[in-house]
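Spelled out from the first residue to the last, the chains are:
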Amino acid sequence: MQSPEHQLRRLEPGPTIICAEVRDEAVLLETERGIYYTLNAVAARTWQLSVQGLPLARVRGALLSEFDVTEAQLTSDLDRFVDDMARLDLARIVNG
């Protein structure tokens, strides 16, 4: 079981990020550098839920109910997505 602090972690989009939804995908624009990123359907939904301020534990639960994926695979993919967003300065990980 995850610690309470880990349960409350959330992904906070950066202030220079603009998101446009295109069908079931999304495009992120990092306005300072002028770089575009394309998100597939699962990543787009993850971004959408994160923008709403949901803790990552709730994002994970929502994705599990919406997509046909194993819990292990989703957990791995979500961790990688969060790490990538932070590494690319598109979002930051906030505790609580």
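If you're wondering where the values come from, they're calculated on a predicted model, not measured in any experiment.

## Digging into helix 3 (residues 56-66)
Since the α-helix turns once every 3.6 residues, residues separated by three or four places project in the same direction.
Then, in step 1: Looking at helix 3, one finds that the buried residues are Leu 56, Val 59, Ala 62 and Leu 63. Taken around the axis of helix 3, the buried residues stretch over an arc of 120°, which confines them to a single face. Turned more than 90 degrees away from the buried face of helix 3 sit Arg 58 and Ser 65, all of them exposed.
Then, in step 2: The inward-facing, buried residues of helix 3 abut strand 1 (10-13), helix 2 (41-51) and helix 4 (71-87).

## Considerations on the sheet that holds strand 3 (residues 25-30)
Then, in step 1: The antiparallel open sheet is built from three strands, whose spatial order is 2-3-4. The sheet is open, and its two edges are formed by strand 2 (17-22) and strand 4 (35-39), each paired on a single side. This sheet shows a mean twist of 20° between the axes of neighbouring strands, independent of strand direction.
Then, in step 2: Pairing of strand 3 with strand 4, which is carried by five bridges, proceeds in the antiparallel orientation. Opposite Val 27, over in strand 4, you have Thr 38 as the bridge partner.

## Looking at the packing of helix 2 against helix 4
Then, in step 1: One way to put it is that helix 2 packs onto helix 4 with a least axis distance of 11 Å and a crossing angle of 65°. Considered as vectors, helix 2 and helix 4 are oriented roughly perpendicular to each other. Crossing hand, helix 2 versus helix 4: right-handed. Contacts between helix 2 and helix 4 involve Ala 43, Thr 46 and Trp 47 from the former and Leu 78, Phe 81 and Met 85 from the latter.
Then, in step 2: In terms of residue class, the contact of helix 2 with helix 4 is made up of five nonpolar, one polar and no charged.

## Things to note about helix 4
Then, in step 1: Under the 1.5 Å per step criterion, the end-to-end length of helix 4 is 24 Å for 17 residues, consistent within 8% with the ideal 24 Å.
Then, in step 2: Restricting attention to buried positions, one finds in helix 4 the residues Leu 74, Leu 78, Phe 81, Val 82 and Met 85. The arc that holds every buried residue of helix 4, seen down its axis, measures 95°, which confines them to one face. Exposed side of helix 4, more than 90 degrees from the buried face: Ala 72 and Arg 87 are the residues found there.
Then, in step 3: Looking one or two places after helix 4, you find Asp 89, whose phi comes out positive at around 60°.

What counts as what
Residues numbered from 1 in each chain as written. Predicted model: local features only at pLDDT ≥ 70, side-chain atom pairs only at ≥ 80, totals over all residues. Heavy atoms only, no water. Buried < 20%, exposed > 50% of the residue type's maximum accessible area, 1.4 Å probe, protein only. Helix = DSSP H or I, 4+ residues; strand = E, 2+ residues; numbered from the N terminus. Arc of directions from axis to C-beta. Contact = heavy atoms within 4.5 Å. Pairing = 2+ DSSP bridges. Axes fitted to C-alpha atoms, helices over the stretch in contact; angles between N-to-C directions. Parallel < 35°, antiparallel > 145°, perpendicular 65-115°, else oblique. Left-handed = near helix turned anticlockwise from the far one by under 90°. Nonpolar A, V, L, I, M, F, W, Y, C, P; charged D, E, K, R; others polar. Expected span 1.5 Å × (residues − 1).

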